[in-house]
Amino acid sequence: MVTMETRVSGKQACSAALLVHLYWCRDELLTYPAGEYTTEEICISAAQECGVSPAYLSLFGLMRERDRVWLPPNHVLKLEPSANETLLFRVRFYFPGWTGSGSGSARRYGVTKSSEAPVLDDITTAYLFAQVRSITCTH
């Protein structure tokens, strides 16, 4: 169970054992003290912080920053007080036509006839945009 997390900017993050970078808020991080966490718990907390709906949570994942490795949801992070781990909360899966425009657009169908909608909601699309923008600005 996730015991404590805070949103911080810059220098305040130095004492945390785990930092989770959110692309939605460029300079803000979720911080965690030493302890044991699953990546699924951290993803749920990050999604709640960003306003990501549970229906879209499966599109997101955590990537370890130092080696760019994706962590599976059942991965257990055992962090000592001296740990200095940074994870990136990222959209991991998307597919052709995700923008919902044009004749080849991907659609999500609802319960009733003609209740189709774009595959990604506004928050997930905005998060993906911020993520891609962050990547292109740093390279």
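Quick summary incoming for the structure in this document. (Residues numbered from 1 in each chain as written. Predicted model: local features only at pLDDT ≥ 70, side-chain atom pairs only at ≥ 80, totals over all residues. Heavy atoms only, no water.)

Once that is clear, we can look at the side chain of Gln 131. Take Gln 131: it is sitting in helix α2 (residues 122–138). Look past the residues within four positions of Gln 131 in its chain and what remains in contact with it is Tyr 23, Arg 90 and Val 91. (Helix = DSSP H or I, 4+ residues; strand = E, 2+ residues; numbered from the N terminus. Contact = heavy atoms within 4.5 Å.)

Let us now look at the nonpolar core. Ranked by internal contacts, the top residues of the largest apolar core, which has 31 residues, are Leu 18, Val 20, Leu 22, Ile 42, Leu 87, Phe 89 and Tyr 127. At the level of secondary structure, the elements contributing two or more residues to this core comprise β2 (18–22), β3 (28–32), α1 (39–50), β5 (60–64), β7 (76–79), β8 (85–91) and α2. Broken down by element, this core gets its largest block of residues, five residues, from α1. Apart from the residues lying within four places of it in its own chain, the contact partners of Val 20 are Leu 29, Leu 30, Tyr 32, Ile 42, Leu 62, Leu 87 and Phe 89. (Core = buried A, V, L, I, M, F, W, Y, C linked by side-chain atoms within 4.5 Å. Buried < 20%, exposed > 50% of the residue type's maximum accessible area, 1.4 Å probe, protein only.)

Let us look at the packing of aromatic side chains. Tallying each qualifying case throughout the model produces five aromatic pairs. Measuring from centroid to centroid gives 4.8 Å for Phe 60 and Phe 89, while their planes differ by 10 degrees, and the two rings are stacked. Residue Phe 60 is found in strand β5, and its partner Phe 89 is found in strand β8; the two are separated by 29 residues along the sequence. For the pair shown, Phe 60 and Phe 89 are each scored as buried. (Phe/Tyr/Trp six-rings, centres within 6.5 Å; stacked < 30°, edge-to-face > 60°.)

Glancing now at the pattern of salt bridges. Applying the stated rule across the entire model yields three salt bridges. The partner of Arg 66 in a salt bridge is Glu 85, with the nearest N and O atoms 3.2 Å apart. Here Arg 66 is found in the loop between β5 and β6 (69–71), whereas its partner Glu 85 is found in strand β8, with 19 residues between them in sequence. Under the relative-accessibility criterion, Arg 66 is labelled exposed at 63%. Residue Glu 85 is classed as buried on the basis of its relative accessible area of 11%. A single salt-bridge network, built from bridges that share partners, covers Arg 64, Arg 66, Asp 67 and Glu 85. (Salt bridge = Lys/Arg side-chain N within 4 Å of Asp/Glu carboxyl O.)

Before going further, it helps to examine the pairing of β2. Along β2, five of the five residues are buried, which leaves the element largely enclosed by surrounding structure. In terms of strand pairing, β2 meets β3 through four bridges, oriented antiparallel. Looking at β3, one finds that Leu 19 is bridged to Thr 31. Bridging between β2 and β8 involves five bridges; their strand directions are parallel. Each residue of the ladder has a partner; that of Leu 18, found in β8, is Glu 85. (Pairing = 2+ DSSP bridges.)

Glancing now at α1. For α1, which comprises 12 residues, the first-to-last C-alpha distance of 16 Å matches the rise-based estimate of 16 Å (1.5 Å per residue) to within 8%. Within the sequence span of α1, burial applies to Thr 39, Ile 42, Cys 43, Ser 45, Ala 46, Ala 47 and Cys 50. Phi turns positive one or two residues past the end of α1, at Gly 51, with a value near 85 degrees. (Expected span 1.5 Å × (residues − 1).)

Purely spatial values, then, with no claim about function.
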